[in-house]
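Residues per chain, in single letters:
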Amino acid sequence: MTGLTDRWHELIPDSAPLAEELAARYTDRDRQAYRDRYLETILTALDSLDQLSTDPTAVRLAVWFHRAVHAAGAQPADDAEASAVLAEELLPSYDVSSARIAEVARLVRLTGGDAATAPGDPNADVFLDAVNATLAADHYADHASEVRRDANTPVKERHAVLRAALAAPLYRTQLARDRFDRAARQNLSAELAILDAQLPAPWRGWQQAGLVALAGFGAFSAFVLAFVATQVPWRIPEFGSDQLWLAIVLTVLALAAVPLLLRFSRRNGRTARIVDGGVISAGVLGLVAVLVLAPDTNPSVGIGERAPLLLTASILLITAGAAAVAASAAAGARIGNRAQLLARIVVPVAVVLAMVFITQPLWRIYSLNANEFLDGPHGPAAPGVRSELTGDVAWSSRSNGYNSDSFGRAVSTRYGIATTRRTATVEMLDAATGESRWRYTRSDASGLPDLSVIGNGELLLAHFDNVGYLLLDADTGKRKAAWPGRTQDHDIQNADPLLTEEQVGKGSNKLRGVDTDGGDRWTFEPGRCTRINAVATADTAVAFLGRSCGKDPDELAALDLRTGEKLWSRAEEWAGSPFVAGSLVVGLKSDRELVGMDARSGELKWRWPLPSALGCKTRVEQAGDKVVLLNCPPGADKTQTVVTAIDAGTGVVSWQRTAPIDVSRRVAVTADARVVTLKRLDTCKLQVVEESGFRQVPASREIFCNQGVRAVGDVVLARGSDGLIALR
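Residues numbered from 1 in each chain as written. Predicted model: local features only at pLDDT ≥ 70, side-chain atom pairs only at ≥ 80, totals over all residues. Heavy atoms only, no water.

Some points on the sheet that holds strand E3 (residues 372–375)
Pairing is antiparallel in the open sheet, where five strands are placed in the order E3-E8-E7-E6-E5. Edge positions in the sheet fall to E3 and strand E5 (411–413), since each of these pairs with one other strand and no more. Each strand axis lies, on average, 20° off the axis of its neighbour in the sheet, ignoring direction. For strand E7 (residues 425–429) and strand E8 (residues 436–442), the ladder comprises five bridges, and the chain directions are antiparallel. Among the inter-strand pairings, Glu427 is bridged to a residue of E8, identified as Arg439. Where helix H15 (residues 338–370) meets the sheet, it contacts E3 and E8, and its direction lies at approximately 35° from that of E3. (Pairing = 2+ DSSP bridges. Helix = DSSP H or I, 4+ residues; strand = E, 2+ residues; numbered from the N terminus. Axes fitted to C-alpha atoms, helices over the stretch in contact; angles between N-to-C directions. Contact = heavy atoms within 4.5 Å.)

Comments concerning the packing of helix H12 (residues 244–264) against helix H14 (residues 306–329)
Across the interface, H12 lies against H14 with an axial gap of 11 Å and an inter-helix angle of 20°. It follows from the interaxial angle that H12 and H14 lie roughly parallel. Helix-helix and strand crossings are classified by hand; for H12 and H14 the assignment is left-handed. Facing Leu244, Leu246, Ala247, Leu250, Ala254, Ala257, Leu261 and Phe264 of H12, the residues of H14 in contact are Arg306, Leu310, Ser314, Leu317, Ala320, Gly321, Ala324 and Ser328. The residue makeup of the contact of H12 with H14, split by class, is twelve nonpolar, three polar and one charged. (Parallel < 35°, antiparallel > 145°, perpendicular 65-115°, else oblique. Left-handed = near helix turned anticlockwise from the far one by under 90°. Nonpolar A, V, L, I, M, F, W, Y, C, P; charged D, E, K, R; others polar.)

Looking at the pattern of salt bridges
Pairing is possible between side chains that carry opposite charge, provided their charged atoms lie close to one another. For the coordinates displayed, the defined rule picks out 40 salt bridges. The closest approach of N and O atoms between Asp520 and Arg512, which form a salt bridge, is 3.1 Å. For Asp520, a relative accessible area of 28% puts it in the partly exposed group. Judged by relative accessible area, which is 10%, Arg512 ranks as buried. With its nearest N and O atoms 2.7 Å apart, the salt bridge here joins Glu690 to Arg695. In this structure, a network of salt bridges that share partners links the residues Arg7, Asp47, Asp50 and Arg60. (Salt bridge = Lys/Arg side-chain N within 4 Å of Asp/Glu carboxyl O. Buried < 20%, exposed > 50% of the residue type's maximum accessible area, 1.4 Å probe, protein only.)

Some words on helix H2 (residues 16–26)
Where H2 is concerned, the buried positions are Leu18, Ala19, Leu22, Ala23 and Tyr26. Across the axial projection of H2, the buried residues extend over an arc of 130°, all falling on one side. (Arc of directions from axis to C-beta.)

Looking at the sheet that holds strand E19 (residues 555–560)
Pairing in this open sheet of four strands is antiparallel, and the strands run E17-E18-E19-E20 from one edge to the other. One side of each edge strand has no neighbouring strand; the edge strands of this open sheet are strand E17 (530–536) and strand E20 (566–571). On average, each strand axis in the sheet is inclined to that of its neighbour by 20°, with strand direction left out of account. Where E19 lies against E20, five bridges are found, and the strand directions are antiparallel. Each residue of the ladder has a partner; that of Leu559, found in E20, is Lys566.

What about the state of the cysteines?
Should the sulfur atoms of two cysteines be covalently bonded, the bond is a disulfide. Under the counting rule described, the total for this entry stands at one disulfide. With its sulfur 2.2 Å from that of its partner, Cys684 forms a disulfide with Cys705. Sign of the S-S torsion, about 85° for the bond between Cys684 and Cys705, identifies this disulfide as right-handed. Remark: Cys705 occurs in the loop between strand E32 (693–698) and strand E33 (709–712) and Cys684 occurs in strand E31 (residues 684–690); sequence separation between them is 21 residues. The buried category is assigned to Cys705, whose relative accessible area is 3%. (Disulfide = S-S within 2.5 Å.)

Brief notes about the side chain of Glu103
The residue Glu103 is located in helix H6 (residues 98–109) in this model. The class for Glu103 is buried, based on a relative accessible area of 16%. If we skip the residues at most four places from it in the chain, Glu103 touches Ala58 and Asn123.

Digging into the pairing of strand E10 (residues 459–464)
For a regular strand, the rule is simple: side chains alternate between the two faces of the sheet. Counting buried positions along E10 gives six out of six residues, so the element sits mostly inside the fold. The antiparallel hairpin formed by strand E9 (residues 450–454) and E10 contains four residues in its connecting segment, where Gly455 sits at a positive phi of about 60°. Count of turn residues in the E10/strand E11 (residues 468–473) antiparallel hairpin: three residues, of which Asn466 carries a positive phi of about 65°.

Looking at the environment of Val667
By secondary structure assignment, the location of Val667 is in the loop between strand E28 (653–659) and strand E29 (668–669). The exposure class assigned to Val667 is buried, which follows from its relative accessible area of 12%. Sequence separation of Val667 and Ala495 is 172 residues, and the distance between their C-alpha atoms is 23 Å. Discounting chain neighbours no more than four positions away, the residues touching Val667 are Arg619, Leu630, Asp662, Val675, Val676 and Thr677.

So, the nonpolar core
Core analysis: the biggest nonpolar cluster contains 59 residues, and Trp8, Trp64, Phe65, Leu91 and Val104 have the highest contact counts within it. For this core, the elements supplying multiple residues, two or more each, are H2, helix H3 (36–47), helix H4 (56–65), helix H5 (76–90), H6, helix H7 (122–131), helix H8 (140–151) and helix H10 (174–198). With seven residues, the top contributor of residues to this core is H4. If sequence neighbours within four positions are ignored, Trp64 has contacts with Leu4, Thr5, Arg7, Trp8, Leu11, Ala19, Leu22, Ala23, Tyr26, Leu39 and Leu43. Residues Ala229, Ala247, Ala289 and Ala370 belong to the second largest nonpolar core, which totals 35 residues. (Core = buried A, V, L, I, M, F, W, Y, C linked by side-chain atoms within 4.5 Å.)

Observations regarding the environment of Phe704
With respect to the element layout, Phe704 can be found in the loop between E32 and E33. A C-alpha to C-alpha distance of 8.6 Å links Phe704 and Cys684, two positions 20 residues apart in sequence. The residues contacting Phe704, other than those within four sequence positions of it, are Leu678, Arg719, Gly720 and Ser721.

Thoughts on the packing of aromatic side chains
A full pass over the atoms with the stated rule returns nine aromatic pairs. Ring geometry for Tyr469 against Trp483: centres 4.9 Å apart, planes inclined by 40°, an arrangement best described as tilted. With Tyr469 in strand E11 and Trp483 in the loop between strand E12 (479–482) and strand E13 (491–494), the pair connects residues that are 14 residues apart, well separated along the chain. Here the two residues Tyr469 and Trp483 agree in accessibility, since each one is buried. One aromatic cluster is present, built from ring pairs that chain together Phe217, Phe220, Phe223 and Phe227. (Phe/Tyr/Trp six-rings, centres within 6.5 Å; stacked < 30°, edge-to-face > 60°.)

Purely spatial values, then, with no claim about function.
Listed below in structure tokens is the structure:
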């Protein structure tokens, strides 16, 4: 006890009894922790720090008192409060000023766990740094063992306390940091390693195992993507071996990184840091190279799949190297428990899921933006235009790239005539002049896109090969949405409202109710071996289901357009392709009868029987709010055709004419129920059947007579040598 009391240094005159009493408390044989060596360590540290305080005596008294009261297993707050009360009880007997007593008690209470002090509190800073000097002591391992035994703290709880301590600053003053911080952290890390070995097996080292897995699998994924990049084009169309060297270099580097990272991510040292840093540098250089060398795009040349693949491979290399750095910092954790096995499984799965649900959509967005080009819009759209069918030319589009397929794909929108070109282009032509209002081109697609008009003529749905469905604003040509990639092979069953069919090789084909952005509202699966043909009114979808196997008959089913709920169904067979007029579905129920059926209830609203004897198969065409039937009189050849216009809402005949036109040739029906065709006699003749009768007029010599005509709304188009021709 004499050695400890010698450090009292007569803090208070005539206070030897107090020194002996306090020393006796620290040397009590019943104490298991916070004994005399603990106090001596703090007092020694204080000798070098107390010059930073404003009241060294108060700080030193606080050190002597802060663990004067200690009970085994007690909480630090309980010890601190009891020790502070002891100071408040004993110090007045030795003529210590009330201000100093209050300061001593305040400092002692700081050791209770609430050490938050305002900036500029030198006494608290010095006092707490001196107390924490025990963390840097040579005998810290013994002290820590005594504290754990005395407090009976669970290993997991103590483990968490040490990790939190290492993650935060240990000392408040610069002097204490310079003298004690390094040794203290080494001591805490050593104790943490001891506790780590004592933790229950499922909790040891899972963080490092996960980082090692991320390092190895990240590098392997980078290798796979870089290798795949060697097989796909850098530009579209492909030009030789553009930038193939970059893909090969990244493939080799990523492959070499896999074993290196798996080995050195478990080690901590200079070599490990060099290897990990080298992998990060390779990823950064690859990223920069791809961005710098990325090809410039134009309507004829686009970015291929190699660029986004190499970008992703470079990012994965950077991620793998960073994970290896973090794993090296935590090197030393034991391996082989369930948590680490789980981490090795979860991390690769997480990487794969991130590739599928995050990286792949980002690739698609990048490709969609980089490879699209829009010219226009140019000027406002002309109001409704109608061909009077005089045989003259209203306008001729001189744009290159049109062919017979483009002619056949033209559709009418609210803002003009949309058509296609050989260069994967959609063009909106002004219906009055034929001038291009806008032109949307994709450099990553080939062939002619399929066009569907939706949204009451406001929107255009274009299906590009290798890209999928894109929703364009019919007025401006701007892309409003890109349908999900999984819908690329779906077929449009009904354009407005939207119904699509997904054909399945094995299993049941699926009918889907679709929003304009390509999202499914519902899916209807009618069963195996079933052909689907569907139409839709504003609130009901009607599916015509043809059975190709088994004994089940063909079926007619109505579905709620919003929810997909089946409203009704019955065994029934229709002929041909029905269409919608208002709330009715109109079509040939058999070869003998045309019907109008209420889609919501399935009730037949009207029937129109076909003539009992016909010379050819009846053709049914929709013309606005009318149905136009084309058939041949009995016994006549195909040069005579009976044209019947029927009100689609009532089934009442509006007019009927017999005309010398060949129904087997290309016949166009306008929205106002005029039937138009071209026929070569001595010259090319334009033939028109309408309510007022039949007329025939010479057609312009610019028209290719043998390619027929096409009705787009009330405008009739023909083919010319240089492009499309609209008839006046």
